Amino acid sequence: MRYALGVEYDGSEFKGWQQLGESGCASVQATLQDALSSVADAPIHVVCAGRTDAGVHGECQVVHFDSEVARTPRGWMLGTTTRLPPSVCVRWCVPVDEEFNARFSARARRYRYRLMNRQVRPALYRQTLSWERRPLDADAMHRAAQALLGENDFSSFRSAQCQALHARRELQAISVRRHGEVVEVEVQANAFLHHMVRNIVGSLLMVGAGEKPESWIADVLAARDRNQAGPTAPPQGLVFVGPLYPEHWQLPAEVTL
C-alpha cells in the first residue's frame, strides 16, 4: 500500500528536511522515517513535496511512502506521532493510488513569511517570527512584488547552492499584508528554487524600508543576477504552508486545488 501523510513540524531544532544534522541535530526526514519504521517494524523511506532549509517550519508538508505492513490510517498517524519529538506530528494519513507521488503530483506549493515589525524583538512566537526594527510600508512591498508574477527566470533570487536544472518558475500569487505589528508575505508557485522565498523577502524589505523604489524589484528580476538582489531573510519566519494537488487524488481539502 502507498500512503500520503500530512506532516507538521517546528524546524528550529533541525538542520533542514533532508540535510544530515550536525552536533546531534537530525533532519526532519530521518526523524520521521525512524518513527514510521518503528511502527512498521521495517525500514520506511518517505518522499516529500518540497524540501525545507534549516530552521524553516512545515504547516502541512506532504509525503508518501510504501509499506506491506497492515496498519490503519489512524494507526499510522497516531502510532507515528507518539514516536516523534514534540516538534513533529502527523496530522493525517490517507491511502493513495500507487501512481501518486508527493513531489511530482503536486501542481503548486505555498509559503508564508511572517515578521514582527517594531523596535523591540519578539519574545513570544520568536521561533516562527522574524524581526525587522525599521518601519515597513507593506503596501509598497505588495505593489512591488506583483512584478514577479508569471513564468520568469528567477536567477536573481536563487542561492549559489541551488541544484535545480534551470531557474524558470511560475509564480502564481504573491501578497504582502500588515496585521498590526506583523507583516506577512504569502507566495504560491509551481515550484521554488533554493532560498527563493527568503531572497524575495529580503529584497522586498529594502523596498518596504524605503531603501529602494517599488520599480527596483522588476529590475532585479530582469537582471538574472543574485548580486543585484537583497540579502537572504532569516529562516525562522518562513513556513512551508503545503503543496496543492488535483482533486482526483482525494486528499484533504487543505492540499487540494
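First, a word on scope: everything that follows refers to the structure included in this document. (Residues numbered from 1 in each chain as written. Predicted model: local features only at pLDDT ≥ 70, side-chain atom pairs only at ≥ 80, totals over all residues. Heavy atoms only, no water.)

Attention now moves to the packing of aromatic side chains. Using the criterion set out here, one finds nine aromatic pairs in the structure. Relative to phenylalanine 65, the ring of tyrosine 3 has its centre 5.4 Å away and its plane inclined at 25 degrees; by these criteria the two rings are stacked. Here tyrosine 3 is found in strand β1 (residues 2–9), whereas its partner phenylalanine 65 is found in strand β3 (residues 57–66), with 62 residues between them in sequence. Exposure class is identical for tyrosine 3 and phenylalanine 65. Each is buried. Centroid distance tyrosine 3 to tryptophan 76: 5.6 Å. Interplanar angle 55 degrees. Geometry classified as tilted. Of this pair, tyrosine 3 sits in strand β1 while tryptophan 76 sits in helix α2 (residues 73–82), placing them 73 residues apart in sequence. (Phe/Tyr/Trp six-rings, centres within 6.5 Å; stacked < 30°, edge-to-face > 60°. Helix = DSSP H or I, 4+ residues; strand = E, 2+ residues; numbered from the N terminus. Buried < 20%, exposed > 50% of the residue type's maximum accessible area, 1.4 Å probe, protein only.)

So, about helix α3 (residues 138–145). The buried count for α3 comes to six of eight residues, which makes it a mostly enclosed element. What α3 keeps buried is the set Ala138, Ala140, Met141, His142, Ala144 and Ala145. On its buried side, α3 packs onto β8 (168–179), β9 (182–189), α4 (196–208) and α5 (216–223). One side-chain oxygen of the residue at the start of α3 lies 3.1 Å from the amide nitrogen of aspartate 139, identifying that residue as aspartate 137. (Contact = heavy atoms within 4.5 Å. Polar contact = N/O pair within 3.5 Å; in protein donor to acceptor, adjacent residues only side chain to side chain.)

The next subject is the pattern of salt bridges. Under the counting rule described, the total for this entry stands at eleven salt bridges. Glutamate 132 serves as the salt-bridge partner of arginine 134, at 2.8 Å between the closest nitrogen and oxygen. For arginine 134, a relative accessible area of 30% corresponds to the partly exposed category. Owing to a relative accessible area of 12%, glutamate 132 belongs among the buried residues under this scheme. Note that arginine 134 is salt-bridged to glutamate 211, the shortest N-O span being 2.1 Å. (Salt bridge = Lys/Arg side-chain N within 4 Å of Asp/Glu carboxyl O.)

Without other data, these values stay purely geometric and don't point to any function.
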